[in-house]
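# Structure assessment
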Amino acid sequence: MKVLIPIKRVIDANVKVRVRGDGSGVETQNVKMAMNPFCEIAVEEAVRLKEAGLAEELIVISCGVTQCQETLRTGLAMGADRGILVETDAELEPLAVAKLLKAVVDKESPDLIILGKQSVDGDNNQTGQMLAALLGWPQGTFISKIEIKDSGSAITREVDGGLEMLEIKLPAVVTVDLRLNEPRYASLPNIMKAKKKPIETISPDALGVDVAPRVEILEVTEPPSRQAGIKVESVGELVDKLRNEAKVI
Amino acid sequence: MDSVYFSEEHRMLGDQLRRFVDEEVRPNGESWEAAGRIPRAVLARMGELGFLGMRYPERYGGTALDTLASVVLAEELGRSGFGGFAITVLVHTDMASPHLARYGSPEQLERYLPQVIRGEAITAIGVTEPDAGSDVAALRTSAERSGNRGWVLNGAKTFITNGAQADLYFIAARTDPEAKGARGLSIFIVEKGAAGFTVARTLDKMGWRASDTAELVFEDCFVSSENLLGEESHGFYQIMDNFQNERTVMGAMAMGEAQRAIEITLDYVKTRKAFGGPLWDKQAIRNRLAMLAAKVEAGRQLVYHAAWLDAQGRDCVREVSMVKAYCGELVNEVMYACQQFHGGMGYMRESAIERMARDARIHSIGGGATEVMLEEVAKRLGH
Ligand SMILES: Cc1cc2nc3c(=O)[nH]c(=O)nc-3n(C[C@H](O)[C@H](O)[C@H](O)COP(=O)(O)OP(=O)(O)OC[C@H]3O[C@@H](n4cnc5c(N)ncnc54)[C@H](O)[C@@H]3O)c2cc1C
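Conventions used here
- Residues numbered from 1 in each chain as written.
- Chains lettered and ligands numbered in written order.
- Predicted model: local features only at pLDDT ≥ 70, side-chain atom pairs only at ≥ 80, totals over all residues.
- Heavy atoms only, no water.
- Helix = DSSP H or I, 4+ residues; strand = E, 2+ residues; numbered from the N terminus.
- Rg over C-alpha atoms; globule rule 2.2 N^0.38 Å.
- Buried < 20%, exposed > 50% of the residue type's maximum accessible area, 1.4 Å probe, protein only.
- Contact = heavy atoms within 4.5 Å.
- Areas by Shrake-Rupley, 256 points an atom, 1.4 Å probe, with all protein chains shown as cover.
- Domains from an automatic or database assignment.
- Buried area = accessible area lost by both parts, 1.4 Å probe.
- Salt bridge = Lys/Arg side-chain N within 4 Å of Asp/Glu carboxyl O.
- Polar contact = N/O pair within 3.5 Å; in protein donor to acceptor, adjacent residues only side chain to side chain.
- Pairing = 2+ DSSP bridges.
- Right-handed = clockwise from strand over helix to strand, strands pointing away.
- Patch = residues over 30% accessible without salt bridge, like charges linked within 9 Å, V, L, I, M, F, W, Y side chains within 5 Å.
- Near = heavy atom within 4 Å.
- Nonpolar A, V, L, I, M, F, W, Y, C, P; charged D, E, K, R; others polar.
- Axes fitted to C-alpha atoms, helices over the stretch in contact; angles between N-to-C directions.

A few words now on the overall build of chain B. Scanning chain B from terminus to terminus reveals eleven helices and ten strands. Radius of gyration (C-alpha) of chain B: 21 Å, near the 21 Å computed for a compact globule of 383 residues. For chain B, the spread of C-alpha atoms along the three principal axes comes to 80 × 50 × 40 Å. When burial is assessed residue by residue, chain B has 57% of its 383 residues classed as buried. Taking the contacts inside chain B whose residues are at least 6 apart along the sequence as the reference set, 74% of them involve residues at least 24 apart. Taken as a whole, chain B presents about 15,900 Å² of accessible surface, with 51% of it coming from carbon and sulfur.

Residue and element names in this part refer to chain B. Taken as a whole, chain B is organised into domain 1 (8-122), domain 2 (124-233) and domain 3 (237-380). On a C-alpha basis, the centres of domain 1 and domain 3 stand 21 Å from each other. Domain 1 puts 27 residues into the contact, and the matching count from domain 3 is 26 residues. Across the domain 1 to domain 3 interface the summed buried area is about 2,400 Å²; carbon plus sulfur atoms make up 56%. The partner of Glu30 in a salt bridge is Arg355, and the shortest N-O contact between them spans 3.5 Å. The interface formed by domain 1 and domain 3 contains twelve residue pairs in polar contact (both at pLDDT 80 or more).

Glancing now at the interface of chain A and chain B. On the chain B side, the residues contacting the 19 residues of chain A number 20 residues. Overall, the association of chain A and chain B removes approximately 1,700 Å² of surface from exposure, summing both partners, and the carbon and sulfur fraction of that is 56%. For chain A, the biggest contributors to the area lost against chain B are Tyr185(A), Leu188(A) and Ile191(A); these three give 42% of the whole. Our count for the contact surface shared by chain A and chain B stands at four salt bridges. A salt bridge links Asp15(B) to Lys32(A); the nearest nitrogen and oxygen atoms lie 2.7 Å apart. Summed over the shared surface of chain A and chain B, the number is eight residue pairs in polar contact (both at pLDDT 80 or more). Of all elements in the fold, only α2 (68-78) and α5 (188-194) of chain A reach the threshold of two or more residues within the side of chain A that touches chain B.

All right, on to unusual backbone geometry then. Residues and elements named next belong to chain A. Geometrically, the link from Leu170 to Pro171 is a cis peptide bond, its omega value of 0° lying close to zero. Within the secondary structure layout, Pro171 lies in the loop between β9 (162-168) and β10 (172-176). Of note, the phi angle at Asp123 is positive, near 50°, even though the residue is not glycine. Along the chain, the position of Asp123 falls in the loop between β6 (112-116) and α4 (127-135).

Residues and elements named next belong to chain A. With seven of eight residues buried, strand β4 (residues 57-64) is to be regarded as a mostly interior element. As judged from the five bridges shared by strand β1 (residues 2-6) and β4, these two strands associate in the parallel manner. When the sheet's bridge partners are listed, Lys2 is paired in β4 with Glu57. As judged from the six bridges shared by β4 and strand β5 (residues 82-87), these two strands associate in the parallel manner. Pairing of Ile59 across the sheet is with Arg82, part of β5. Taking the sense of rotation as the criterion, the β-α-β connection linking β4, α2 and β5 turns out right-handed.

A cluster of nonpolar side chains, Ile230(A), Val232(A), Leu238(A), Leu242(A), Val248(A) and Ile249(A), forms an exposed patch at the surface whose accessible area comes to about 530 Å². Secondary-structure assignment places Ile230(A) in the loop between β11 (199-202) and α6 (235-244).

Looking now at the environment of Thr28(A). Residue and element names in this part refer to chain A. By the secondary structure assignment, Thr28 is in the loop between β2 (9-11) and β3 (33-35). The class for Thr28 is partly exposed, based on a relative accessible area of 37%. Separated by ten residues in the primary sequence, Thr28 and Arg18 have C-alpha atoms spaced 8.6 Å apart.

All names here are of chain B. Applying the stated criterion across every chain yields a total of 48 salt bridges over all chains. Across the salt bridge formed by Glu191 and Arg111, the nearest N and O atoms sit 3.0 Å from each other. Placement of Glu191 in strand β5 (residues 185-191) and of Arg111 in helix α6 (residues 106-118) is noted, with a sequence separation of 80 residues between them. We classify Arg111 as partly exposed; its relative accessible area is 48%. One salt bridge in this structure joins Asp167 and Lys192, with 3.1 Å as the shortest N-O distance. Pair noted here: Asp167 is in the loop between β3 (150-161) and β4 (168-174) and Lys192 is in the loop between β5 and β6 (197-202), with a separation of 25 residues, a long-range link.

The next point concerns the site of the ligand. All names here are of chain B. For the ligand, the set of nearby residues contains 16 residues, the closest of which are Thr128, Ser134, Phe159, Thr161 and Glu371. A distance of 3.5 Å is found between an oxygen atom of the ligand and a backbone nitrogen or oxygen belonging to Gly133. Side-chain polar atom of Glu371 to an oxygen atom of the ligand: 2.8 Å apart, as the coordinates give it. At the level of secondary structure, the elements contributing two or more residues to the shell around the ligand comprise β3 and α11 (370-379). Looking at the shell around the ligand, the element that brings in the most residues is β3, giving three residues. Its residues assigned to classes, the shell around the ligand shows nine nonpolar, five polar and two charged. Three or more residues apiece are contributed to the shell around the ligand by two domains, here domain 2 (124-233) and domain 3 (237-380).

Let us now look at the sheet that holds β10(A). Residues and elements named next belong to chain A. Overall, mixed pairing links the nine strands, which are arranged β9-β8-β7-β10-β6-β1-β4-β5-β11 in an open sheet. Pairing within the sheet leaves two strands with one partner each, and these edge strands are β9 and β11. In this sheet, adjacent strand axes meet at a mean angle of 30° when their direction is disregarded. Packed onto the sheet, helix α1 (residues 37-51) meets β1, β4, β6, β7 (139-149) and β10 and runs at close to 150° relative to β6. Across the sheet, helix α3 (residues 94-108) touches β1, β4, β5, β6 and β11, and the angle it forms with β4 is around 145°.

To continue, consider the side chain of Thr213(B). All names here are of chain B. Relative to the helices and strands, Thr213 is located in strand β7 (residues 213-224). Thr213 gets classed as buried once you look at its relative accessible area, which sits at 7%. A polar atom in the side chain of Thr213 sits 2.9 Å from the side chain of Lys205. Excluding residues that lie within four positions of it along the chain, Thr213 makes contacts with Phe159, Ile160, Thr161, Arg201, Thr202, Leu203 and Lys205.

In structure tokens:
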């Protein structure tokens, strides 16, 4: 089985995000970047499938700027076999990424595609679903468990109020949730090995995909800062404020 | 860690270390401080991840990286804010085990290095004695020949990091009582539990409380000939040689600690309110922190430069001595200001800065006191 794992380079989850002075977006200059945490979980799951003898080849792919190579390198250090960079400086929306991925899937014919359920920057939660639709493949989203069987794959999804068990036929697209696994560290020997693994670079043009944005961003603003709290003198005053000012009771 | 000196693998190493510190060190550091030791499982885990053999040949399980990798390790461990944890690891990786890796015979390397890299055998370096610290050439522990089979050690070592818990000790002793000062010293590998070798006591310290520091006693301790490390009578030069790596690493660790202190102090003064606004609005505080941040940045770059010189195989004694003197003093200057800006809270045992200020004090004393380092710099000025 061949597994494709699309991964995204985002602002490191530990960085306090700031909005650019002109309100055009979030500041990414001189900010520490890292692999999207959900994508790490996707890579981990793929590596476990390989370790269990269920997958033969793991390909990590990233769409974006040259530096996405670093993110791919981390995926390779975790255990993927090779990388593909679809290199572009364009701001990529989920639909554009899904189209790029589809074009690569047409060439590579993987049996399974594992994505993060969303990336922590845009929180769009769209790419996996769009990719499945474009491919006409079954999809399982927000999965917390995956089992590969002869007939296909059994997955467990996290849904409101519980878990949903499904069986889907391969090839398929799955998107992973937080509780699926705990991603491993890239050990130093594996970091060194990753240096020797191949990364192929292709352009959106070569894939025949138009990545022009469909959405226009008008303005990005910081969330309003929290107002200072107040102390109330009595329960009566509290109830009064909750009822008449906050209007929550 | 964006710097011209680092390659992609250094940065990836830094990322993994930062995660290790966040997930494994910070949540447990307090309990290690209380216990006065680092659990062996933590060191073994670091071994598994390849953090303990970065400089050593692949043949023994290492990754053959250079001095800059040690700097990444030391800076990130320093940034944990738990100096006692950082030094436990760094003495093992960069102060003790390099003696084995550099001067060990093929048989000694084969026998010991793989366990050292895996974190199964923890190492200590014993140079300092009750009557000889900065003046290494004055050390008195003696090693007398015992036929052809080996040597008999007598004497005491003190302030030895990992002293109570190490498995392998590299002990400097005088093999030639006739030779003057520096010339008659040699280094021996002494295994834990060797007859005649005892850990006299574990010392109670101001800081680095998670690190064990001990006094060692050798009473007719027999060491076989195979355990002479390096050449007889070359011990002093072996020690001096390794000082360059050790001091660079101490400098990097200090700059990691200083960065962390500035970071937590920034958080504190931005939320702490006094006189109608956050402390951060006071120019006296902003300016001081900004200047300290500038000095720390300068210190880091000097560390990187010294490490790069070392990695290139160039003479770096002047720069390394500058690193040790400058960073050792600077980290204390930073801690003093950061503790000051924490107010009364900074004096409380429950605040991180209180521990960090105590931990920092040793940086201007251990591994080459500032005055001694400045003498090394002075000798090399003007040419
Ligand atoms: C927590 C801790 C851990 C340690 N770990 C180890 C270890 O693992 N292995 C090991 O071998 N040693 C270790 N040491 C020893 C350490 O390296 C020595 O303490 C250090 O070298 C200073 O030696 P000393 O304490 O004998 O001070 P001294 O040599 O007595 O010097 C005292 C002070 O005098 C001043 N001074 C000294 N020489 C000069 C000079 N030439 N000019 C001007 N001023 C001078 C300095 O201010 C110095 O601090 C450790 C020490 C501590 C505190």
